[in-house]
Amino acid sequence: MGALDLFIASSIPVLKVLLITALGSYLALDHVNILGEDARKHINNLVFYVFNPALVASNLANTITYESMLKLWFMPFNVLITFLVGSILGWIVVQFTRPPSHFRGLIVGCCAAGNLGNMPLIIIPAVCKEKGSPFGSPDTCQTYGLAYVSLSMAVGAIYLWSYVYNIVRASSTAISRESRTIDEPFGKSVADGSISGTGSCSEPMKQQVKLFFAKINLKSMFAPSTIGALAGFIIGLVPLIRKSMIGDSAPLRVIQDSASLIGDGAIPTVTLVVGGNLLRGLRGSGIQKSIVFGIVVARYVALPLVGIVIVKGAVRFGFVCSDDLLYQFILLLQFAMPPAMNIGTITQLFGAGESECSVIMLWTYALASVSITLWSTFFLWLVS
């Protein structure tokens, strides 16, 4: 595959995202007002509770079997590593830039969670169809590639909604928590307000522990997308349920088809809302340029370099089959994706960092065309 062909294949999905984002920005203009602030909040709730769970569940149910789990067992660990390393890089960015408290969760989330859904879903079929692809027959490449990407998207959704969701949630309450600390006298008991400043030194620590468990609770951990992923695993792995719901002759296939139809609306809807939020960000965002630069470096330089070490190490030690070049390529690609677009949905849900998130998305996706092209070229050379 030539460099120009690869550039076109990598640029098309990014351009699609930018075009839909531009449409969302147009619909959010005051004189159009189809995608106003209230409309975006309602749509985000719809995405959070309906579209995303249906998308994750339907894709997992279609692709997950015992055989695929045995073959692809390393992928969930690979995605987890991208989140862990990205979180560390995000923490480093926070230490250097010193942003406001309520904004730190968004920075860590943007560095940790990559777009493991709509971008690979568009990139992989495009790469498979190109002449000179090292992945064999285009049809076989696309079939296996979409199965790999579906698992990647589902696992990424679990981590996003159970980990990044709670980070942004905890960070968004920083302002109210700080204001309560200023307003309340030192040592005032949360329970009865009777403990004085001369009380036990362990009281502040107890309050911090209670506050931590109040923020990170089971209800938050099991977000709708996480529940959808669990449902997809059950349908895919339980033979009786799978035979009744998956396949052209399955008696209950209408349920799976309906879930898939609903899930198909998730990606364009999220992209439109991001465009609407972007308009707000361009109108007035005080985001530091150093923060955007730090996130870009973390996602497009540091993370892919770490990914090369991880994936090549996994191949060397036999965790990943050395003959499956497409699988290796997708594992590497997971480290080079722009931030997950659902982070915009999360900030909208909590009303914290919406305009800043929009500016981050603008720059990271504008640079994604060049970044993904360069890294894809190198990854193809590396695996072949």
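Because the structure is predicted, anything quoted here is derived from the model rather than measured.

**Student:** Describe helix α15 (residues 289–316), and please don't skip the residues or the numbers.
**Tutor:** With 28 residues, α15 should reach 40 Å at 1.5 Å per residue; the first-to-last C-alpha distance of 40 Å fits that figure. Along α15, the largest kink reaches about 35° and is centred on A298.

**Student:** Explain the state of the cysteines to me, and be specific about the residues and the numbers.
**Tutor:** As enumerated under the stated definition, the model contains zero disulfides in all. Left unpaired, C357 is separated from the closest cysteine sulfur, that of C110, by 5.2 Å. C357 sits in the buried class, given a relative accessible area of 3%.

**Student:** How would you explain unusual backbone geometry if you had to name every residue and give the values?
**Tutor:** We note that N33 has phi near 55°; this positive angle belongs to a residue other than glycine. Structurally, N33 is set in the loop between α1 (3–27) and α2 (37–63). Even without being glycine, R98 reaches a positive phi, approximately 50°. The residue R98 is located in the loop between α4 (74–97) and α5 (101–112) in this model.

**Student:** Let's hear about the environment of I360: which residues, and what values?
**Tutor:** Positionally, I360 belongs in helix α18 (residues 354–383). For the pair I360 and I107, spaced 253 residues apart in the sequence, the C-alpha separation amounts to 9.2 Å.

Calculation notes
- Residues numbered from 1 in each chain as written.
- Predicted model: local features only at pLDDT ≥ 70, side-chain atom pairs only at ≥ 80, totals over all residues.
- Heavy atoms only, no water.
- Helix = DSSP H or I, 4+ residues; strand = E, 2+ residues; numbered from the N terminus.
- Expected span 1.5 Å × (residues − 1).
- Bend = angle between axes of the 7 residues up to and from the residue.
- Disulfide = S-S within 2.5 Å.
- Buried < 20%, exposed > 50% of the residue type's maximum accessible area, 1.4 Å probe, protein only.

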